[in-house]
Amino acid sequence: MKYCFSTWQRALGVVGIGTGAGVLVMSCTQLPAETRPSMSNERRMQAMMVADTSGYETASPRDPNGIGTYYLGRQIAHVMGHEGASWLERKGRRQEEGTDLLLKELNLKPTDVVADIGAGTGFFSFQLAKKVPKGQVLAVDIQPEMIAALQENKRRQKVTNVRPVLGTTTNPGLPADSVDLVLIVDAYHEFDHPREMGRAIRRALRPGTGRLALVEYRAEDVNVPIKRIHKMSIGQARKEMAAVGMVLADSIETLPQQHLLLFRK
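In this text, all values refer to a predicted model and were calculated from it rather than measured experimentally.

Draft legend 1. Geometry of the overall build of the protein. In terms of helices and strands, the protein carries nine helices and 13 strands. For the protein, buried positions account for 55% of its 265 residues. Across the protein, the fraction of contacts at a sequence separation of at least 24, relative to all contacts at a separation of at least 6, is 67%. Split by element, the accessible area of the protein, about 12000 Å² in all, is 53% carbon and sulfur.

Printed below as a string of structure tokens:
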């Protein structure tokens with residue numbers, strides 16, 4: 001299996017992908033590009049809420065692949081720019097991450113409303129759409145370029161129950177008490193404002209039954225070939241979710257490289 005690695009892949013610091021034939025070794029030479037939503041949209045969304053900066057600390061980056069902001073002791077990673085979109089659609093991702101198993105473990109109902117936050121090009125969004133034929137997928141991203149890619153993929157695949165949503169770094173723009181499942185795959189650790197986003201996600205969950213599915217590379221496993229800053233431990237995830245009123249309901253460890261952590265209000 002051969003891979004062509006982009007700037008983002010180098011920034012992720014993938015150190016090896018094993019196949020029956022051997023191991024490829026990569027290096028990390030650049031930081032990923034960052035893209036921000038329009039200022040007018042950012043101001044409009046931020047005006048809807050009051051930011052609570054409790055738990056944040058500004059300091060020099062301990063890791064060059066992160067920003068100079070720490071949340072509850074964790075350095076926040078740089079956002080993957082739209083230039084790294086090919087990483088999301090790479091060949092072999094289904095096998096490497098066990099994405100079919102992940103979708104099965106979510107136990108979705110056909111009528112569910114699902115929010116895919118950090119949707120990118122829609123790798124998961126369009127698969128989720130098949131699982132909820134009578135429901136809807138809200139595909140959220142903060143980058144207009146990713147939203148444009150989502151719109152094009154929606155048109156090309158002729159999918160009617162995926163709705164792209166341009167969010168901001170503090171608010172995904174989801175209706176209150178309306179979402180059955182929020183899915184965040186390998187993106188939460190890049191949120192510039194995890195506390196504000198966490199609160200907004202909690203508000204969006206349907207009372208009593210709404211769930212947050214947080215998928216992150218396992219920090220506890222040194223054999224997962226991703227830089228430490230792009231991983232998260234169960235303990236850190238629980239601490240950050242507890243800060244916004246969420247509790248861990250289940251920890252599913254059947255995926256090859258990632259935690260699947262299910263939280264409820």
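Draft legend 2. Seen up close, the nonpolar core. Within the largest apolar cluster, 29 residues are counted, with the highest numbers of intra-cluster contacts made by Ile-117, Leu-174, Val-182 and Ile-184. Looking at this core, the elements with two or more residues in it are strand S4 (66-71), strand S6 (113-117), strand S7 (136-141), strand S9 (181-185), helix H8 (194-204), strand S10 (211-218), helix H9 (234-242) and strand S13 (258-264). Contact partners of Ile-184, with chain neighbours within four places excluded, come to Ile-117, Phe-191, Ile-201, Leu-212, Ala-213, Leu-214 and Val-215. By size, the runner-up hydrophobic cluster in this structure holds 27 residues, among which are Val-132, Val-159, Ile-252 and Leu-255.

Draft legend 3. Spotlight on the packing of aromatic side chains. All chains considered together, the criterion is met by three aromatic pairs. Measuring from ring centre to ring centre gives 4.9 Å for Tyr-56 and Tyr-71, while their planes differ by 35°; the resulting arrangement is tilted. Here Tyr-56, found in strand S3 (residues 56-58), pairs with Tyr-71, found in strand S4; they are 15 residues apart in sequence, far enough to count as distant. Taken together, a centroid distance of 5.4 Å and an interplanar angle of 65° make the contact between Tyr-188 and Phe-191 edge-to-face. Take Tyr-188 and Phe-191: they sit in the same class, and that class is buried. Positioned above the aromatic ring of Phe-123, the side-chain terminus of Arg-93 is 4.3 Å from the ring centre.

Draft legend 4. Fine view of the pairing of S9. For S9, a buried count of five out of five residues is recorded, marking the element as mostly surrounded by other parts of the structure. Burial along S9 is two-sided: the face carrying Leu-181, Leu-183 and Val-185 and the face carrying Val-182 and Ile-184 are both buried. The sheet contact formed by S6 and S9 spans four bridges and is parallel. Its bridge partner lying in S9, Val-114 is registered against Leu-181. Where S9 lies against S10, five bridges are found, and the strand directions are parallel. Residue Val-182 lies in a different strand from S10, and its bridge partner there is Leu-212. Once the chain exits S9 it traverses H8 before rejoining the sheet at S10, and the crossover so formed is right-handed.

Draft legend 5. Representation of the pairing of S6 in the model. Judged by how many residues are buried, S6 sits mostly within the fold: five of five residues are covered. Covered by surrounding structure in S6 are Val-113, Ala-115 and Ile-117 together with Val-114 and Asp-116, the residues of both alternating faces. For S6 and S7, the ladder comprises five bridges, and the chain directions are parallel. Its bridge partner lying in S7, Ala-115 is registered against Leu-138.

Draft legend 6. The arrangement of the environment of Gly-208 in detail. Note on placement: Gly-208 falls in the loop between H8 and S10. Using a relative accessible area of 74% as the deciding quantity, one classes Gly-208 as exposed. Considering only alpha carbons, one finds Gly-208 and Asp-177, 31 residues apart in sequence, at a separation of 9.7 Å.

Draft legend 7. Focus on the side chain of Glu-216. Counting through the fold element by element, Glu-216 comes out in strand S10. For Glu-216, the side chain forms a polar contact with the main-chain nitrogen of Tyr-188, separated by 3.2 Å.

Draft legend 8. Spotlight on the confidence of the model for the protein. Summarising the model, the protein shows a mean pLDDT of 85, and 79% of its residues fall at 70 or more. Here residues 1-12 scores under 50 on pLDDT; set against residues more than four positions off or in separate chains, the count is 42 contacts. In the model, residues 14-39 has pLDDT below 50 throughout and makes 69 contacts with residues more than four positions away in sequence or in other chains.

Draft legend 9. Region of the structure containing H8. Counting buried positions along H8 yields eight of eleven residues, so the element is predominantly enclosed. Buried within H8 are the following residues: Pro-194, Arg-195, Glu-196, Met-197, Gly-198, Ala-200, Ile-201 and Ala-204.

Draft legend 10. Structural context of the sheet that holds strand S5 (residues 74-77). A sheet is described by the order of its strands in space; here three strands give the open sequence S3-S4-S5, paired in antiparallel fashion. Bordering the open sheet on either side are S3 and S5, each of which pairs with just one other strand. Ignoring strand direction, the axes of neighbouring strands in this sheet form an average angle of 40°. Along the sheet face, H8 touches S3, S4 and S5 and points at about 155° away from the line of S3.

Cut-offs and rules
- Residues numbered from 1 in each chain as written.
- Predicted model: local features only at pLDDT ≥ 70, side-chain atom pairs only at ≥ 80, totals over all residues.
- Heavy atoms only, no water.
- Helix = DSSP H or I, 4+ residues; strand = E, 2+ residues; numbered from the N terminus.
- Buried < 20%, exposed > 50% of the residue type's maximum accessible area, 1.4 Å probe, protein only.
- Contact = heavy atoms within 4.5 Å.
- Areas by Shrake-Rupley, 256 points an atom, 1.4 Å probe, with all protein chains shown as cover.
- Core = buried A, V, L, I, M, F, W, Y, C linked by side-chain atoms within 4.5 Å.
- Phe/Tyr/Trp six-rings, centres within 6.5 Å; stacked < 30°, edge-to-face > 60°.
- Lys NZ or Arg CZ within 6 Å of the ring centre and 35° of its normal.
- Pairing = 2+ DSSP bridges.
- Right-handed = clockwise from strand over helix to strand, strands pointing away.
- Polar contact = N/O pair within 3.5 Å; in protein donor to acceptor, adjacent residues only side chain to side chain.
- pLDDT = per-residue confidence, 0-100.
- Axes fitted to C-alpha atoms, helices over the stretch in contact; angles between N-to-C directions.

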